[in-house]
Amino acid sequence: MDHPLYRVMWCKVIEPFVVSVRFDNGVQREVDFRPVLRGELYGALRDRTLFEQVRLDPDTWTLVWPNGADFDPATLHDWPDAGPRMRDMARGWPDARPSPVDERGGR
């Protein structure tokens, strides 16, 4: 199955958990990630300090975070349609389990 290939050319956090993204075809989107910040990988991005470390990966041309989270450029480009589907999927993602340190109440 073929799908269009897009490159993210620029990104900027414009408010908590919202990133403005510009693509190589000139389209610009404001992506609100709040509804999909669940699960072990994306749930960690609810930490605003971590979320704001978003960067543009020069090899994959998409948004990446230090914890390994990323999003397919086509998903970001088509966020008006893809975002609600991602939100629905995210509802089924279990939140990360606390680490053993957290379970003991810290060190």
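For the structure itself, look to the data block above.
Let us look at the structure shown here.

Considerations on the environment of tryptophan 93
Next, step 1: Inspection of the secondary structure assignment puts tryptophan 93 in the loop between α4 (79-90) and α5 (100-103).
Next, step 2: Distance from tryptophan 93 to valine 36, taken between C-alpha atoms, is 9.2 Å for residues 57 residues apart in sequence.
Next, step 3: In this structure, tryptophan 93 is in contact with Val36, Arg38, Gly39, Tyr42 and Met86, ignoring residues within four places of it in sequence.
Next, step 4: Separated by 3.5 Å, the side chain of tryptophan 93 and the backbone oxygen of methionine 89 make a polar contact.

A closer look at the nonpolar core
Next, step 1: With 25 residues, the main nonpolar core has Phe33, Leu63, Trp65, Phe71 and Leu76 as its most contacted residues.
Next, step 2: Not counting the four nearest positions on each side in its chain, phenylalanine 33 is found in contact with Phe17, Val19, Phe51, Leu63, Trp65, Phe71, Leu76 and Trp79.

Conventions used here
Residues numbered from 1 in each chain as written. Predicted model: local features only at pLDDT ≥ 70, side-chain atom pairs only at ≥ 80, totals over all residues. Heavy atoms only, no water. Helix = DSSP H or I, 4+ residues; strand = E, 2+ residues; numbered from the N terminus. Contact = heavy atoms within 4.5 Å. Polar contact = N/O pair within 3.5 Å; in protein donor to acceptor, adjacent residues only side chain to side chain. Core = buried A, V, L, I, M, F, W, Y, C linked by side-chain atoms within 4.5 Å. Buried < 20%, exposed > 50% of the residue type's maximum accessible area, 1.4 Å probe, protein only.

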